[in-house]
Structures are given as structure tokens and as C-alpha cells.
Amino acid sequence: MRPATTPHLEPKPDPVMEAAQREAALLRLAHLFRRAGTDTTMQALWRAMVDYRTEK
Amino acid sequence: MQPLDPEQVVAQIGKLPSLPAVVLEVLESFEDDHADAGAIGKKIAQDQALSAKVLRVANSPFYGLRGRVATVKDAMVVLGFGNVRTLVIGAGVTGSFPALASDSFDLPAFWMHGIVAATCARCFAADAGIDSERAFTAGLLHDIGRVVLATCFPGHYRRVAEYRAAHDCYPIEAERQVLGLDHAAVGGALTERWRFAPVIQQAVAAHHCSADPAAPGAKPDLAGLVHVADVAAHALDLAGDDNELVPQFDAVTWTRMGISWPRFLEHLAQAERRAQGAALLLSA
């Protein structure tokens, strides 16, 4: 007898929803770093936070 | 409105009550590698308000033992000595101020930011070769001067909030413009009055200062670590402040810490997870 298969219940990622969440995260980061200017350390921190918020 | 006279601020700090003895002992225990958790537990048990808080947290759903923790001794096992120390410091410090009458100061957001900064400071400390528990305390209390200003000078602090809203500037710029002084200096004076370790006093007072790039062979210090942790906590954006603004990141201090960006992000992820649990300690 073949073992019963369990249906895969995990919802598929919704690309539209993911894009919207990514956009919202980027907008919030832009707001948080609105006074960052061109300082290189602030720019590096901003890039690191973009990676952190969009790759989690 | 006139700027604040520094002597007036110092006099007001002098009128604030001393920290309760049990809180001082808990703070001193950070300096002692052989601190007796049992003895500190007994002291906490003698303080009705503190024991109630400790028991409330230990019995919260977060720890899954709802209603089954009956003594401070058991609560210390459930929560861990480190968490109990955080809880006692938070409760002791908050209880030492007059009730907040200012609607321009958000105490829960203040503590959340302190917890996130403290957790980041603890995570970064090992990489920087700094004691992690001391880093946590300094991170937790780095903005304590804001509470002094908001409780002792509520009218002035409301003007600071108004100025900040009108100019969308950093809070410290608004403080300097309106009050003629800032929360870091006030926090330094308060931690001196409360007889915190000098290195913590200095970290609280200097967490917005730029490091001296010309200092030869300078090593990471606690003030620099708290600066990095403060910036990281603002960047993590967990305090729920719509007007959150990441402070200027001092390049010399950051370089001196010797933490790579990938490592920094690993620490952020760890700090974000831990901060959620630690927040429970101070919201009880």
C-alpha cells in the first residue's frame, strides 16, 4: 500500500504581495534615513539596512 | 521660553530620590563576577512592588508557566539572573521619577528604544572586547536624561517636541536649540548622582560625541559602543515612533569597533529577536 501523501498546505508566496512589502520597507527606510545626506558611513548603513529588510 | 540654566537642572537632579538599595546592589552585581543571585533574590523578595513585577513576568504566557511560579527564587530560575537584573533596573529607575505629566514623552517607546539599544550593545560587546553586561546597562540607560527633562521640566520638554516637529530635526538638536543643553549631559549628571560606575556615566554623557580621529592607538570604548548600538536601534525602528530618524553615525567610532557589515547584520537579527523577549520585562 502506498503511504498517504500529505497535501502541501504552505501558501505559495504571492509575488505581488512581496513586491508591495519590499516597497513599503524601502519607503520606511528612506524616511528613517531622510537626514543621512552624502556621508559615506550613513550611506553604508543605509545599504546594509536595505539588505537586512529586503532579504529577511 | 528661556533656555534651562544648567545649575537649575543639577539642582533638580539633586532632588530626585536615590535609587532603591536593591537596585544599587543589582547594578553593583554587574561589576562582580561572583555576584550571589540567591542573596539578590532575597533582597528583591523584600520589596513588594519589585517581587510583584518579577512574578508577573515569570507567570506571563511568554514563559508558558502561567500561575505556577510562586516565589522570587523560582522566578529567577525561570527568567534567568540577567533578565531579573534588567527588570529590577527598569522598574527601579522608572519608579525614581515623578509621574510623567507630559504628553510629549512616550515612556513605552523610550523603554523599547533602550531595550533594543541595550540588546544591540550586548551583541556588539564581544566583538569590541567590552564587558557585555556593562554594555547592556549603559545601552538601557543611555537616554535617561530625556526622562529627567520630561518629568522635571515638562513645559520645556513640550517646546522641544514642538520644535522638533516643526523642523523635523534630530531630538538632540531641538534640545540644544530650546533648552541650551541636551539629554546626554543631563543623563551624565544623573548617573553621577546615582553613583553608577564612572565608565557608564561617561558612556551616557558621551554617546552622541564624535570620536577623536587623532587619538593614537585608540581602542573601542563603552561610549563608542553605545553610540553604535543607539544608531543600530534607531535603524531597526522597533520603538513605534512615526517620526523616527537614524542619528548621524560617527565614522571614526564605527571603524574603531572593528565590526564588519555582514557581522553587524548578524547581530541586528539576533538583537531584534532578543529585544522582543526583553521588552516583556519592562512592560509588566
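Residues numbered from 1 in each chain as written. Chains lettered and ligands numbered in written order. Predicted model: local features only at pLDDT ≥ 70, side-chain atom pairs only at ≥ 80, totals over all residues.

For chain A, the helix and strand inventory stands at two helices and zero strands. The buried share among the 56 residues of chain A stands at 9%. (Helix = DSSP H or I, 4+ residues; strand = E, 2+ residues; numbered from the N terminus. Buried ≥ 20, exposed ≤ 12 C-beta atoms within 10 Å, placed from the backbone.)

Right, let's get into the overall build of chain B. Assigned secondary structure in chain B consists of 16 helices and zero strands. Projected onto the principal axes, the alpha-carbon positions of chain B cover approximately 50 × 45 × 35 Å. Taking all contacts inside chain B whose residues are at least 6 apart in sequence as the whole, residues at least 24 apart take part in 67%. (Contact = placed C-beta atoms within 7 Å.)

Turning next to the nonpolar core. Formed by 90 residues in total, the largest nonpolar core has its most connected members in V116(B), C120(B), A121(B), F124(B), L225(B) and A229(B). A total of 13 residues in this core trace back to one element, the largest contributor, which is helix α7 (residues 107–128) of chain B. (Core = buried A, V, L, I, M, F, W, Y, C linked by C-beta atoms within 7 Å.)

So, about the interface of chain A and chain B. The partner chain B presents 13 residues to the 15 residues of chain A that form the contact. Residue assignment for the side of chain A that touches chain B shows that the elements contributing at least two residues are α1 (15–32) and α2 (40–55) of chain A. Here the residues of the side of chain A that touches chain B are counted per class, giving nine nonpolar, one polar and five charged. (Nonpolar A, V, L, I, M, F, W, Y, C, P; charged D, E, K, R; others polar.)

On to the domain arrangement of chain B. Residues and elements named next belong to chain B. Once the domains are mapped, chain B shows domain 1 (17–96) and domain 2 (100–284). Inter-centroid distance (C-alpha atoms) of domain 1 to domain 2 is 24 Å. With 16 residues of domain 1 at the contact, the number on the domain 2 side is 16 residues. Here the side of domain 1 that touches domain 2 takes six residues from helix α6 (residues 81–95), the largest share from any one element. (Domains from an automatic or database assignment.)

Once that is clear, we can look at the confidence of the model for chain B. All names here are of chain B. With 96% of its residues at a pLDDT of 70 or more, chain B has an overall mean of 89. Averaged pLDDT values over the elements of chain B bottom out at 80 in helix α2 (residues 21–29) and peak at 97 in helix α14 (residues 222–236). Scoring the predicted complex yields pTM 0.87 and, for the interface, ipTM 0.84. (pLDDT = per-residue confidence, 0-100.)

All names here are of chain B. Helix α11 (residues 171–179) packs onto helix α10 (residues 154–167) with a crossing angle of 125 degrees between their chain directions and a minimal axis gap of 9 Å. Our classification of the angle between α10 and α11 gives oblique. Crossing of α10 over α11 shows right-handed handedness. Between α10 and α11, the residues in contact are H156, R159, V160, Y163, R164 and H167 and P171, A174, E175, Q177, V178 and L179, respectively. Residues of the contact of α10 with α11, tallied by class, amount to six nonpolar, three polar and three charged. (Axes fitted to C-alpha atoms, helices over the stretch in contact; angles between N-to-C directions. Parallel < 35°, antiparallel > 145°, perpendicular 65-115°, else oblique. Left-handed = near helix turned anticlockwise from the far one by under 90°.)

Looking at the secondary structure, you find L87(B) in helix α6. Between the C-alpha atom of L87(B) and that of V160(B), which follows or precedes it by 73 residues, the distance is 30 Å.

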